[in-house]
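# Coordinates in review
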Amino acid sequence: MSTKEATAVAPAPRRTVPEPQRPVKKRPAWDQAPRWQIYLPLSIYLVFTLIPFYWIVLFALRPAGSTSLVPWPITFDHFEKVWTERSFATYFQNSLLVGLATLVMTTLVALAGGYALARFNFKIKQAFMLALLCSQFVPGALLLVPLFEIFAELKMINSLGSVIIAETVFQLPLSMILISNFIKNVPYSLEEAAWVDGCNRFTAFRIVVLPLLRPGLIAVGSFAFVHSWNHFLFALMFLNNQSKQTIPVGLNTLMSADSVDLGALAAGGIIAAVPVVIVFAFIQKWLITGFSAGAVKG
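Each chain has its residues counted from 1, running along the sequence as written. In keeping with the predicted nature of the model, local features appear solely for residues at pLDDT of at least 70, side-chain atom pairs appear and are counted solely at 80 or more, and the whole-chain, interface and lining totals rest on all residues. Values shown for side chains rest on all heavy atoms present in the structure; no hydrogens or waters enter the calculation.

### Examining the environment of Ala-266
Short version of the rule: The helix count covers DSSP runs of H or I at least four residues long, the strand count covers runs of E at least two residues long, and both are numbered beginning at the N terminus. When a residue's accessible area, from a 1.4 Å probe over protein chains only, is under 20% of the maximum for its type it is buried; when over 50% it is exposed; and in between it is partly exposed.
Within the element layout of this structure, Ala-266 appears in helix 13 (residues 262–294). Looking at Ala-266, the relative accessible area reads 8%, which means it is buried. Put simply, Ala-266 and Trp-55 are 211 residues apart on the chain and 8.5 Å apart in space, counted from C-alpha to C-alpha.

### Focus on unusual backbone geometry
At Lys-155, a residue that is not glycine, the phi angle is positive and equals roughly 60°. Tracing the backbone shows Lys-155 in the loop between helix 6 (144–153) and helix 7 (160–184). Take Lys-155: its relative accessible area is 75%, and that puts it in the exposed class. Positioned with a positive phi, Asn-158 is a non-glycine residue whose angle comes to about 65°. Judged by its relative accessible area of 25%, Asn-158 falls in the partly exposed class.

### Quick notes on the layout of surface pockets
Short version of the rule: A cavity here means a set of 1 Å grid points, computed over protein atoms only, where a 1.4 Å probe fits but cannot escape. A pocket is an open set with protein on both sides within 12 Å along at least 5 of 7 lines, and lining residues have an atom within 4 Å of a point. Grid points are joined across faces, edges and corners, and a volume is the space filled by probe spheres set on the points. Throughout, the ten residues Ala, Val, Leu, Ile, Met, Phe, Trp, Tyr, Cys and Pro are labelled nonpolar, Asp, Glu, Lys and Arg are labelled charged, and all others, Gly among them, are labelled polar.
When its volume is computed, the largest pocket comes out at roughly 230 Å³. Along the walls of the largest pocket sit Ser-135, Gln-136, Val-138, Leu-143, Val-169, Phe-170, Gln-171, Leu-172, Pro-173, Leu-174, Phe-223 and His-227, which together make up its complete lining. Broken down by secondary-structure element, the contributors of at least two residues to the lining of the largest pocket are helix 7 and helix 10 (214–230). Approximately 160 Å³ is the volume attributed to the second largest pocket. Lining the second largest pocket are Phe-53, Ile-56, Val-57, Gly-269, Ile-270, Ala-273, Val-274 and Val-277. Contributions of two or more residues to the lining of the second largest pocket are made by helix 2 (35–61) and helix 13. Per element, the largest residue contribution to the lining of the second largest pocket is 5 residues, and it comes from helix 13. Across the lining of the second largest pocket, the residue classes tally to 7 nonpolar, 1 polar and no charged.

### Observations regarding the packing of aromatic side chains
So the rule is basically this: Think of it this way: a Phe, Tyr or Trp ring, Trp meaning its six-membered ring, pairs with another when their centres are within 6.5 Å, and the plane angle makes it stacked under 30 degrees, edge-to-face over 60, tilted otherwise.
Enumeration according to the criterion identifies 13 aromatic pairs in this entry. With a centroid separation of 6.1 Å and 50° between ring planes, the pair formed by Phe-76 and Phe-79 is classed as tilted. Judged by its relative accessible area of 17%, Phe-79 is buried. Taken together, Phe-148, Phe-151, Phe-170, Phe-234 and Phe-238 form an aromatic cluster joined through their ring pairs.

### With respect to the nonpolar core
As a reminder of what qualifies: Nonpolar core, defined: a set of buried Ala, Val, Leu, Ile, Met, Phe, Trp, Tyr and Cys residues in which side-chain atoms within 4.5 Å join the residues together. Residues are treated as being in contact if the distance between any of their heavy atoms lies within 4.5 Å.
Residues Leu-111, Leu-132, Met-176, Ile-179, Ile-183, Phe-205 and Leu-213 are the most contacted members of the largest nonpolar core, which totals 20 residues. Mapped by element, the contributors of at least two residues to this core are helix 4 (88–119), helix 5 (125–135), helix 7, helix 9 (201–209) and helix 10. Broken down by element, the residue count for this core peaks at 7 residues, all from helix 7. When residues no more than four places from it in sequence are discounted, the contact partners of Met-176 are Ala-110, Gly-113, Gly-114, Leu-117, Phe-128 and Leu-132. Within the second largest apolar cluster, 18 residues are counted, among which are Val-82, Phe-225, Trp-229 and Ile-271.

### Some details on the packing of helix 4 against helix 10
To keep things clear, this is the line we draw: Interaxial angles span 0 to 180 degrees and are taken between N-to-C directions of axes, which are lines fitted to C-alpha atoms, for helices over the stretch in contact. Handedness of each helix crossing follows the sense of rotation of the near helix against the far helix: counterclockwise by less than a right angle gives left-handed, clockwise gives right-handed.
For the pair helix 4 and helix 10, interaxial distance at closest approach is 8 Å and the crossing angle is 145°. Note on packing geometry: the crossing formed by helix 4 with helix 10 is right-handed. Facing helix 4, whose interface residues are Phe-92, Ser-95, Leu-96, Val-98, Gly-99, Leu-100, Thr-102, Leu-103, Thr-106, Thr-107 and Leu-111, helix 10 presents Leu-217, Val-220, Gly-221, Ala-224, Phe-225, Ser-228 and Trp-229. In the contact of helix 4 with helix 10, the residues fall into 11 nonpolar, 7 polar and no charged.

### A few points about the pattern of salt bridges
Condition: The term salt bridge refers to a side-chain nitrogen of Lys or Arg lying within 4 Å of a carboxyl oxygen of Asp or Glu.
Following the criterion strictly, the structure yields 1 salt bridge and no others. The partner of Glu-191 in a salt bridge is Arg-119, and the shortest N-O contact between them spans 2.6 Å. Of this pair, Glu-191 sits in helix 8 (residues 188–196) while Arg-119 sits in helix 4, and the two are 72 residues apart along the sequence. Of the two residues, Glu-191 and Arg-119, both sit in the buried class.

### Concerning the side chain of His-231
To be explicit about the condition: Two N or O atoms form a polar contact when they lie within 3.5 Å of each other; inside protein one atom must be a possible hydrogen donor and the other a possible acceptor, and for residues adjacent in sequence the pair counts only when both atoms belong to side chains.
When you line up the elements, His-231 lands in the loop between helix 10 and helix 11 (233–238). Within the structure, His-231 has its side chain in polar contact with the side chain of Glu-167 (distance 2.7 Å). The residues contacting His-231, other than those within four sequence positions of it, are Glu-167 and Pro-248.

Below is the structure:
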């Protein structure tokens, strides 16, 4: 049989008609969900969160002996009482001094230590990092006795310096880890380029690296300030004189075994919360950026 005859006899290939594809049902995205499914749980959570704050404001602003659920008529007698009679002006000044000093010392030491961990290699680096991480599992109450003995030998009991040093030491491990991880995200080539231009290591760090660390420094500093502002144990143990006490200890003096002045306690709580709220309101964007960037590398 010739090639032409074979070609003529061979059947033509069948064409398969593709079946129509069924549309794939996509799961609704979060932004396509009904609004009530988002706002309802958030509203319930917000109500349970704001009720305690409303009760604090209610007791602080309504007159003593009143049982009204609305703070009317509004009075500021409780604020005047705790600010003048209960020495909250002194407590506020001491807490502000401790918080700012802790912020500065923690930021400077963590910046130096974090740069060393990020840019230098040494034999005990991994062991040192492990020790920093393990120190976060030690509660502050276990440090009271050894710190008290050390400060007693140094004649620093009943001094704000003892609380500042204790708060700084307690904040350093986490702060150094965050700063070191943040510095690792800064390209090392930027410093090398500065060295080529004639800068030494410190100048290159100050000109090139330090401006890029602003979110991390704000995050570490704000965390140190808020923690030292609210910390109770160190101030209670190391400060005996009333003129040296801080706001958390001052709030504790408003409660006795026989009675509790709820109006004064609520007013003192609002005074203690105002600086923290102001700090977080102004640095919220920098705080989130700093913590997220510091957690990228380890």
